[in-house]
Amino acid sequence: MLGIPLKYNIRNLFVRKVTTGLTVLGIGLVVAVFLCVMALGEGLTRVFTASGSENNVLVLRQNSQSELQSGVSRDQVPLILTLPGVAPDADGKPLASAELVVVLNLEKREGGSSNVTIRGIGEKGMKLRPGLTLVQGRWFTPGKSEVVVSRGISSRFKDCSMGETIHFGAYRWTVVGIFDAGGTAPDSEIWTDVEGMITDFKRGGYSSVLARTGGRAARDQFQAGLAGDARLALEGKVERKYYDDQTSTAAPIKFLGFFVGIVMAIGACFGAMNTMYAAVAARTREIATLRALGFSRLSVLISFVFESLCLALLGGLLGCALGWLAVKLALSGVTGTTNFATFSEVVFAFRLTPALLMTGIVFSLVMGFFGGLFPASRAAFTKITNALRQVG
Amino acid sequence: MKYLPFVFKNLFRKKTRSLLTLGSILLPLFVICVMGTLLKTLSRDPSEGRGMYRLVVRHKVSLTNFIPEAYRERIFQLGGIQEMSIWCWFGGKYVDYSAKNQFARFGVEPEKFLKVFDEARFIEGTAPDWISDRAGAIVGDALAKKYGWKVGQKITLTGDIYPITLDLTIRGIYTAENASALFFNWTYVEEALPRVKGRIGTFYVKAKSAADVERLPKQIDALFENADPPTKTETEKDFQNGFVSMLGNVKFMLTGICTAIVFVILLIAANTMAMAARERVTEIAVLRTLGYQKSTILGMILGESLLLALFGGVAGLAFFVLTFPGFKAWLMNTPMAGFAAGIKLFPSVLAAGFGVAVFVGLVAGVVPAIRSARRSITDGLRQVG
């Protein structure tokens, strides 16, 4: 079977500049909107998938979904730390940190307010999260009501800049440092020392205990030890898994992206179909000539579907470019939403990954395929004699 | 107006094209209506037009901290209060933690609650039934419909904040503006967990008049300013808006999506009109030789474009209105469930959708209309094709 040269279709696209341009722009916009919304969802997802370690176990009260709901009493902590499996630090003490998590209602710089997690950590707390770096100032001194604030929170909330004081009634905390956790969960938190915080908030105990275990076997052993002690009524979750379970926070955004994307794609597909029908109608004689020259129906069909795919691909590429520009220029800063699992702000950035861009391209090709199929079959079944007789 | 039949005929000359264009206006307009409805729902005043003088008192630092129940007496002494009820977020798990099984569960004091939340009407069961059953609960009709709950049915909630499993019996189904929550008797939790007693999440206060709503928040907060813990009191509206603000810049996102969609419709409609005008160059030249004015040609093309957009627009709005109940029910089972509970048909959203259609119709037709009107007759007649 002889194929119609692809150049034929590509040149034809450029002959009809206005129609091609409008259709490409339409598909491009649909792809761009889809990509922007998905980049938002991807950015949020990435916070959770990049957080936590496989070797850390987070000890929570049974049935607690988050640290906020959990409670671990003071006298339980030594029992937890003596369970087999906890890795010792260089000084021989267990590498673990009993922590308290409270959410504070802080005012945003852009107006409105949101809940921010303030975490009191033990002396080993920092060692358990090696990805953290201090970008400004110093770490807090225990017992002095000092806090270090993540860069993301510092840029989004009032009174959270270096040297400022966060205060509520009787509570006052001075910001002595700004840290960066490379886009992971602590980037949405404020840190201070746990004992000071327990005093400030008049709490009777901790929220959770984070413990390092020495590898997989030790981890399983530690978790089994916790589960085996019914008096404790605690459970150990692998830190990695704890954060994975929170990725559902991004589900509404992703759902919205797909909903808007798919409905709009059908609309844009209709638009592409229009363009292709017009292209077929304008070239009826040409198509008949091709058929008369011996090109098969299938060749004509393939040829027009290909033309439609090219049209959509141009749209897809434009959409990727527009999406990329939007994310780079207009949406480059950090943004935030509330993670309802922890009832507090999660700071994140838009993330347009290569995989998403590929999805955008595939998306446009699907539009092009369905948009081209029917017009192409009309072209393929053109009656040669009638069409050749036609004038104009 | 006398050209209307002619414009009409032109519009449906190419049936496939007209239908496809209608479809490609209808679907995006549907999306615009959905986005608009979400936007409107998020920015709505929960006490809109009801004259409900409700205030929410909570811990100043955080909603997750407790305030003493003993504050009640002192707040009451400020006067101007009709009634106030404990209002505690229970959280917990119904069946599982998936998005489709998420809904609000609050522990309240039934008798007082019904006076504070007095717009709620029982559509099944009665208030005394609920009040007399310590393990009784009432559910919103939207929720009851979603899960197919009936009065007398048992529901189990597994606690997470509170380590307790609640075995509740539905004693009533209520209806109100946004009837998508479950309320149960807080005493149930207090009796099972003595350490919880006396420490509550929030108070809902119903004030007697607008002046009291104005005065009370400042007075309540001043009362506990140096107490431990201090309180934050705000109107129900501000309290709700606080949650919307917590979601981040959702309004910006939804508005952005809508703007982009308007452009997409515009491009598709403009494409259709450009194709239609191009095919009719010769025909228009003939009309001109027959004595039709440039302005008439302009009006006809513009009218056709407007008509096309209006057909698509009205179809889109009708589609939205007709599918709305089903769409809402469907949305209740998606990750959007939390947002879907409060959505309803807003006339202003439909009006905005109509406005978009008119805008698209006019703008999409402008260029082809002017070009068709301006083209010289000889040029037009000479054109082949």
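Each chain carries its own residue numbering, running from 1 in the written order of its sequence. Each chain gets a letter, beginning with A, and each ligand a number, beginning with 1, in the order they are written. For this predicted model, a pLDDT threshold of at least 70 governs which residues receive local features, and a threshold of 80 or more governs which side-chain atom pairs are given and counted, while totals over whole chains, interfaces and linings are taken from all residues. Hydrogen atoms and water are omitted, and side-chain values are computed over all heavy atoms in the structure.

Peer 1: Which residues make up the packing of helix α12 (residues 294–331) of chain B against helix α14 (residues 347–374) of chain B, and what are the values?
Peer 2: All names here are of chain B. Interaxial angles span 0 to 180 degrees and are taken between N-to-C directions of axes, which are lines fitted to C-alpha atoms, for helices over the stretch in contact. Each helix is a run of H or I in the DSSP string that is no shorter than four residues. Each strand is a run of E no shorter than two, and both are numbered from the N terminus. With their axes 7 Å apart at the nearest point, α12 and α14 run at an angle of 155° to one another. Compared by their axis directions, α12 and α14 come out roughly antiparallel. α14 is crossed by α12, and the crossing has right-handed handedness. Of the residues that constitute the contact of α12 with α14, the class distribution is 23 nonpolar, 6 polar and 2 charged. In these notes the angle categories are as follows: under 35 degrees is roughly parallel, over 145 is roughly antiparallel, 65 to 115 is roughly perpendicular, and the rest is oblique. In a left-handed crossing the near helix is turned counterclockwise from the far helix by less than a right angle, and in a right-handed crossing that turn is clockwise. Note that Gly is not counted as nonpolar here; it falls among the polar residues with everything else outside the nonpolar set of Ala, Val, Leu, Ile, Met, Phe, Trp, Tyr, Cys and Pro and the charged set of Asp, Glu, Lys and Arg.

Peer 1: Let's hear about the domain arrangement of chain A: which residues, and what values?
Peer 2: In many analyses, interface size is given as the accessible surface area lost on bringing the parts together. All names here are of chain A. For the purposes of this description, domain bounds are those given by an automatic or database domain assignment. Taken domain by domain, chain A consists of domain 1 (6–49 + 248–389) and domain 2 (63–232). For domain 1 versus domain 2, the separation of C-alpha centres amounts to 46 Å. Listed by partner, the interface residues are 13 residues for domain 1 and 18 residues for domain 2. In this assembly, domain 1 packs against domain 2 so that about 1100 Å² is buried in total across both faces, 47% of it on carbon and sulfur atoms. The three residues of domain 1 that bury the most area against domain 2 are F343, E345 and V347, which together make up 44% of that side's buried surface. Whenever Lys or Arg places a side-chain nitrogen within 4 Å of a carboxyl oxygen from Asp or Glu, that contact is recorded as a salt bridge. Between the two partners, domain 1 and domain 2, sit 1 salt bridge. For R156, the salt bridge goes to E345, with nearest N and O atoms at 3.1 Å. Contacts described as polar in this section are N or O atom pairs within 3.5 Å, which, within protein, must combine one atom able to donate a hydrogen with one able to accept it, while residues neighboring in sequence count only if both atoms come from side chains. Scanning the region where domain 1 abuts domain 2 turns up 6 residue pairs in polar contact (both at pLDDT 80 or more). Mapped by element, the contributors of at least two residues to the side of domain 1 that touches domain 2 are α2 (17–49), β13 (334–339) and β14 (344–349). Only heavy atoms enter the contact rule, under which two residues are in contact if any of them lie within 4.5 Å. A simple way to read buried area is as the amount of 1.4 Å-probe accessible surface that goes missing from two parts once joined, with both sides added.

Peer 1: Residues and numbers for the packing of aromatic side chains, please.
Peer 2: Residue and element names in this part refer to chain B. Centres within 6.5 Å make a pair out of two Phe, Tyr or Trp rings, where for Trp the six-membered ring is used; the pair is then stacked when the planes are under 30 degrees apart, edge-to-face when over 60, and tilted otherwise. On inspection of all chains with the given rule, the structure shows 47 aromatic pairs over all chains. Taking 6.0 Å as the distance between ring centres and 50° as the angle between the ring planes, the aromatic pair formed by F8 and F12 counts as tilted. A relative accessible area of 36% means that F8 is categorised as partly exposed. Using a relative accessible area of 27% as the deciding quantity, one classes F12 as partly exposed. Ring geometry for F8 versus F311: centroids 5.7 Å apart, planes at 75°, classification edge-to-face. Remark: F311 occurs in helix α12 and F8 occurs in helix α1 (residues 4–11); sequence separation between them is 303 residues. Per-residue accessibility, obtained with a 1.4 Å probe over protein chains only, is compared with the maximum for each type, and a residue is labelled buried under 20%, exposed over 50%, and partly exposed between these values. The class for F311 is partly exposed, based on a relative accessible area of 32%. A ring has a charge above it when a Lys NZ or an Arg CZ is no more than 6 Å from the ring centre and no more than 35 degrees off the ring normal. When the ring centre of F346 is taken as reference, the NZ or CZ atom of K40 above it lies at 5.9 Å. A cation over an aromatic ring shows up here: R105 above the ring of F103, its NZ or CZ 4.2 Å from the ring centre.

Peer 1: Residue-level account of empty space enclosed by the protein, with values.
Peer 2: Residue and element names in this part refer to chain A. Of the two site types, the cavity is a set of points on a 1 Å grid over the protein atoms alone where a 1.4 Å probe fits but cannot get out, and the pocket is an open set with protein on both sides within 12 Å along at least five of seven lines, each lined by residues with an atom within 4 Å of a point. Grid points are joined across faces, edges and corners, and a volume is the space filled by probe spheres set on the points. Within the structure shown, the criterion is met by 6 cavities of 30 Å³ or more. Of the voids in this model, the largest cavity is the one considered here, and its volume is about 200 Å³. As for the largest cavity, its lining consists of 20 residues, and the residues nearest its centre are T117, E189, Q246, T342 and S344. Listing elements by their share of the lining of the largest cavity, those giving two or more residues are α2, β3 (96–107), β4 (113–121), α7 (239–244) and β14. Among the elements that make up the lining of the largest cavity, the one with the highest residue count is β14 (3 residues).

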